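The residues making up each chain are set out below.
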Amino acid sequence: MKARTTSTLAIGAVALLALAGCSADEPTSSSTPVDTGQPTVTEETPSSTPVPTPSTAGALTEDEISTVMSSIDFEPDAFASTEEMFASVYPGVSASDAGCLLPFGVGWAEDAQLSSATTQWGPSTDRSMTAVVASAADENAAEDIADRIEDSVENCLESGATFELQGVAVDLDVDDFDLDINGADDDEGWKATGTLAGTNFTLIGSVARVGTNVVTIVGWDPQSNESFVPQATQMFVDAL
C-alpha cells in the first residue's frame, strides 16, 4: 500500500469518538475501568496467558474461536453483532462506501467472501481495540478473506469514499505500518493519522492469516495502539 492523502476518507474519525469513552450501556468486564468520559489508558500489554491449541482441520467452531479470544483479553460475547460493536466503540460514524468498514467487521454478513467463514468478534477488555476472527474451510478461502480485507483499505482510498463524524469530514493520511509478525502466512498493517477540531488521532489496523484462519484488528488509542495492535496480532497468530 502506498502512502496517500485524501480529504474525503475520514476513517480515522472513529478514533476521536472513542476518546469520548464508550457508551454508557455497553457491556463491561471486571477489568474495564469506570467510564470517566476520558480515553482509557492502560500500562499493561495484552495478556500473555497461554491459550489452548485449537483443532487444525477445517474451520474452527465459534466456541474454539471464543476461547482463543478470551485468552488474549478480548470479549467475544460483548456484542451480538459486529455492527453493534462498531456503533458502541465508534458511535456516530457513517461511510459512503460500506466496503471501507470491512476492517472493523461491519458488513461481513453481506459480503460473499466473508460470510462463508465461521466468525467471532469482540473488543479488547480495555475497549482500545476491536478484533474479528474468521475461520474458513480451507486455505484458499482464507486467502480470499485476507485479500478482501487488505484490498478494502486500498479500495476505500481509490473510491473517493467519504466518512463523517457528526457530519464533519476529516483530512487523513493512510500508509503501511510494519507489524513485525512472526509465523503468519500473510499479514499487512496500516496506519491512519489525521486531525479533527485541532486534535490529532491515529488508527492502527492489522490483517493476518495463519492457515485457514484470519484475524483483523483495529486500535484507536494513540497511547497504545502502535504497540498493542502488533502484539495482539502476534498472539492471535500464535494461538490460531
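Reading guide: rules and limits
- Residues numbered from 1 in each chain as written.
- Predicted model: local features only at pLDDT ≥ 70, side-chain atom pairs only at ≥ 80, totals over all residues.
- Heavy atoms only, no water.
- Buried < 20%, exposed > 50% of the residue type's maximum accessible area, 1.4 Å probe, protein only.
- Helix = DSSP H or I, 4+ residues; strand = E, 2+ residues; numbered from the N terminus.
- Pairing = 2+ DSSP bridges.
- Expected span 1.5 Å × (residues − 1).
- Bend = angle between axes of the 7 residues up to and from the residue.
- Polar contact = N/O pair within 3.5 Å; in protein donor to acceptor, adjacent residues only side chain to side chain.
- Phe/Tyr/Trp six-rings, centres within 6.5 Å; stacked < 30°, edge-to-face > 60°.

**Q** Hey, could you run me through the pairing of strand β4 (residues 129-135) in this one?
**A** Strand residues, when the strand is regular, have side chains that alternate between the two faces of the sheet. Most of β4 sits inside the fold, with seven of its seven residues counted as buried. Burial along β4 is two-sided: the residues Met 129, Ala 131, Val 133 and Ser 135 and Thr 130, Val 132 and Ala 134 are all buried. Direction of pairing for strand β3 (residues 118-123) relative to β4: antiparallel, over a ladder of six bridges. Within the sheet, the bridge partner assigned to Gln 120 lies in β4 and is Val 133. Note: β4 against strand β9 (residues 213-219), seven bridges, orientation antiparallel. Residue Val 132 lies in a different strand from β9, and its bridge partner there is Thr 216.

**Q** Explain helix α5 (residues 139-159) to me, please; I cannot follow it from the model alone.
**A** Helical periodicity: at 3.6 residues per turn, an α-helix aligns residues three or four positions apart in one direction. In a regular helix each residue adds 1.5 Å, so 21 residues correspond to 30 Å; α5 covers 29 Å between its end C-alpha atoms and thus fits that length. In the structure, α5 departs most strongly from a straight axis at Ser 152, where the bend amounts to approximately 30°. For α5, every residue scored as buried is listed here: Ala 142, Ile 145, Ala 146, Ile 149, Glu 150, Ser 152, Val 153, Cys 156 and Leu 157. Where α5 begins, one side-chain oxygen reaches toward the backbone nitrogen of Asn 140, 3.1 Å away; that side chain belongs to Asp 138. One or two positions beyond α5, positive phi appears at Gly 160, with a value near 75°.

**Q** How should I be thinking about the packing of aromatic side chains in this particular structure?
**A** Both the distance between ring centres and the angle between the ring planes are used here to describe each pair of aromatic rings. As enumerated under the stated definition, the model contains four aromatic pairs in all. Aromatic pair Phe 86 and Phe 104: ring centres 5.3 Å apart, planes at 70°, arrangement edge-to-face. On the criterion of sequence distance, the pair formed by Phe 86 in helix α3 (residues 82-89) and Phe 104 in the loop between β2 (93-95) and α4 (112-115) is long-range, its members being 18 residues apart. Each member of the pair, Phe 86 as well as Phe 104, is classed as buried. Ring centres of Tyr 90 and Phe 104 lie 5.2 Å apart, and the angle between their planes is 80°; on these two criteria the pair is classed as edge-to-face. Taken together, the residues Tyr 90 in the loop between α3 and β2 and Phe 104 in the loop between β2 and α4 connect sequence positions 14 residues apart. The same class applies to Tyr 90 as to Phe 104, namely buried.

Shape descriptors only; they carry no functional weight alone.
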